[in-house]
Amino acid sequence: GGEQTLTKARTHLAMKGLAKLRQEVRDGRSVVVLNGSGAAERVVSVVVLSLRRGDGCTFVQLGKCEAGHASGEKVPDCQLPAIKRQRNEMTSDALQRLLSTKLHFLQDKFDINNVENLIETKESKEFGVYTRYMRKVCHATLARDF
């Protein structure tokens, strides 16, 4: 009945999430460790750009294109622009990769003021495991002439 179908659906989703997680680890975009309780925990290092204009307005990402959606279809995703650091990648290199792949129009248009380290642990909706997000937030000011 319905209970059996629900169990099969959950198992299918869990296996799909596990396959995606395995690929992410292989690609060097995350690691999986055992936490103090002995449970698996995903660890992701992210570089975030917090870009403000002189009047205090902040540049944000309003949406993104996701795999599996129709070409050109956007998914709402309001957040600061960010990119996962790759294995052994320095913060400055990840920021440069963010700019060259997603924000090329902003290259050489801002000055970095400081970098803040933030750590947050929460359950990942995509993978279904607790994830420790180690964020390097690059606080920057937009150039006056932009």
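Residues numbered from 1 in each chain as written. Predicted model: local features only at pLDDT ≥ 70, side-chain atom pairs only at ≥ 80, totals over all residues. Heavy atoms only, no water.

*Asks:* With reference to specific residues and values, describe the overall build of the chain.
*Replies:* For the chain, the count of helices and strands is two helices and seven strands. Reading the chain from its N terminus to its C terminus gives the helix and strand order α-β-β-β-β-β-α-β-β. Counting only residues that meet the buried cut, the chain has 25% of its 146 residues in that class. Restricting to contacts in the chain with at least 6 residues of sequence separation, those with at least 24 account for 51%. As displayed, the chain offers around 10100 Å² of accessible surface, 53% of which is attributable to carbon and sulfur atoms. (Helix = DSSP H or I, 4+ residues; strand = E, 2+ residues; numbered from the N terminus. Buried < 20%, exposed > 50% of the residue type's maximum accessible area, 1.4 Å probe, protein only. Contact = heavy atoms within 4.5 Å. Areas by Shrake-Rupley, 256 points an atom, 1.4 Å probe, with all protein chains shown as cover.)

*Asks:* How would you summarise unusual backbone geometry if you had to cite specific residues and measurements?
*Replies:* In this model, asparagine 88 sits at a positive phi of 65 degrees, which is unusual for a non-glycine residue. Accessibility expressed as a relative area gives 78% for asparagine 88, which makes it exposed. Despite not being glycine, aspartate 108 shows a phi value in the positive range, around 60 degrees. Within the secondary structure, aspartate 108 is located in the loop between α2 (91–101) and β6 (110–123).

*Asks:* Please set out the side chain of threonine 131 residue by residue, giving values where relevant.
*Replies:* Along the chain, the position of threonine 131 falls in strand β7 (residues 130–142). For threonine 131, a relative accessible area of 0% translates into the label buried. Reaching out from threonine 131, the side chain makes a polar contact with the side chain of arginine 42 at a distance of 3.2 Å. In contact with threonine 131, not counting residues within four places along its chain, are Arg42, Val44, Glu120, Thr121, Lys122 and Ser124. (Polar contact = N/O pair within 3.5 Å; in protein donor to acceptor, adjacent residues only side chain to side chain.)

*Asks:* Give a description of the side chain of glutamate 24 that names residues and reports values.
*Replies:* Following the sequence through the fold, glutamate 24 ends up in helix α1 (residues 2–26). Dropping the residues within four chain positions of it, glutamate 24 is found in contact with Arg29, Ser30, Arg42, Val44, Lys84 and Phe127.

*Asks:* Help me get a handle on the environment of threonine 101, residues and values and all.
*Replies:* For threonine 101, the location among the structural elements is in helix α2. A polar side-chain atom of threonine 101 sits 2.7 Å from the main-chain carbonyl oxygen of arginine 97.

The values reported here are purely geometric and, on their own, carry no functional implication.
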